[in-house]
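Close look at the chain arrangement
Below, each chain spelled out in residue letters.
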Amino acid sequence: MEPLGTEPAGLSLHKDFISKEQEDAVLRILREQLDWPDRKGRRSLHYGYTFSYKTFAIDHDVPYFPFPAWLAPLLPTGEARPPDQVCVQHYPPGAGIPPHADTHSAFDQLYALSLGAPVLMQFSRGEERKEVDLAPRAMMRMEGEARLHWTHGIRARKTDVLADGTVRPRRDRWSVTYRWLREGGVCECGDGRLCDTAQRRMGVERGYRWKEQEKETEAAAAAAQEEVMSSSAKGEEDT
Ligand SMILES: [Zn+2]
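Please read these numbers as outputs of a predicted model, since none were measured by experiment.

Parameters at a glance
- Residues numbered from 1 in each chain as written.
- Predicted model: local features only at pLDDT ≥ 70, side-chain atom pairs only at ≥ 80, totals over all residues.
- Helix = DSSP H or I, 4+ residues; strand = E, 2+ residues; numbered from the N terminus.
- Contact = placed C-beta atoms within 7 Å.
- Pairing = 2+ DSSP bridges.
- Axes fitted to C-alpha atoms, helices over the stretch in contact; angles between N-to-C directions.
- Expected span 1.5 Å × (residues − 1).
- Buried ≥ 20, exposed ≤ 12 C-beta atoms within 10 Å, placed from the backbone.
- Arc of directions from axis to C-beta.

The next thing to look at is the overall build of the chain. Helix and strand counts for the chain come out as four helices and 15 strands. The long-range fraction of contacts in the chain, counting pairs at least 24 apart against all pairs at least 6 apart in sequence, stands at 73%.

This part takes up the environment of Tyr178. One can find Tyr178 in strand 15 (residues 173-181). Here the alpha-carbon distance between Tyr178 and Gln85, two residues 93 residues apart in the chain, equals 5.8 Å. The residues contacting Tyr178, other than those within four sequence positions of it, are Pro76, Pro83, Val86, Leu110 and Tyr111.

The next point concerns the sheet that holds strand 12 (residues 151-154). Within the open sheet, the four strands sit side by side as 7-12-9-10. Their pairing is antiparallel. Unpaired on one side and paired on the other, strand 7 (97-100) and strand 10 (128-134) mark the two borders of the sheet. Mean inter-strand twist for the sheet, computed between neighbouring axes without regard to direction, equals 20 degrees. In the sheet, strand 7 pairs with strand 12 via two bridges, with the strands oriented antiparallel.

Let's shift gears to helix 1 (residues 20-32). Its 13 residues place the ends of helix 1 18 Å apart at the C-alpha level, agreeing with the 18 Å of an ideal helix rising 1.5 Å per residue. Taken as a whole, helix 1 has its buried residues at Glu23, Val26 and Leu30. Taken end-on, helix 1 shows its buried residues confined to a sector of 70 degrees, consistent with a single buried face. Exposed positions of helix 1 whose direction lies more than 90 degrees from the buried face are Glu21, Asp24, Arg28 and Glu32. Summarising the contacts, the buried residues of helix 1 are in contact with strand 6 (85-91), strand 8 (107-116) and strand 15.

All right, on to the environment of Pro99 then. Tracing the sequence through the fold places Pro99 in strand 7. Sequence separation between Pro99 and Ile154 is 55 residues; the distance between their C-alpha atoms is 7.1 Å. Setting aside chain neighbours within four positions, we find Pro99 in contact with Gln122, Ser124, Thr151, His152 and Gly153.

In structure tokens, the structure reads:
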């Protein structure tokens, strides 16, 4: 693992964590042998405990699923124990993931292995922005600042513009994300903006993005309904 050397602190990369041959073999399995959910956009498969992309924490309604044999060579080796949760995701060209910080109380450090095409990942802390180019076969570790005080996400778009101005089309990408459960289930970082433990202690309900989105969808539906009603009322006037 090589520290990135710039912000965000706590981000390390291990380039060529696996060989091209290993990657090709894994991609064949990911493409041809796995039973992906039948939906458009980003798709996920879960091993170990299941991770909820609604709460960014463990989904305790789903039983533990043992790691398959093909996953063993892809597990990070620098930690005291294997991860508790592994999520494999497919990003078709154009797909992204909203900026988020994985739930502090649930998880400790995070690792992610990129496969297939490269992608730019956006890190943000307040007004600060940092883009990191994730190369295929590179293993990324997020801990400390990068893990707790920065959000990370991938823009939903068809191309990435690199630092030198090159426009790079998106292609199919897969990521394998590894998470370790946090001992004790509380985080002492005290970040009132991103830490669910800090927010709970302040009596604040965590502002989950999907809840906000649901509210927005409901508001949009209500507005559309009003429009229909007012136009039909107008129609009645006309007749
Ligand atoms: Zn925290």
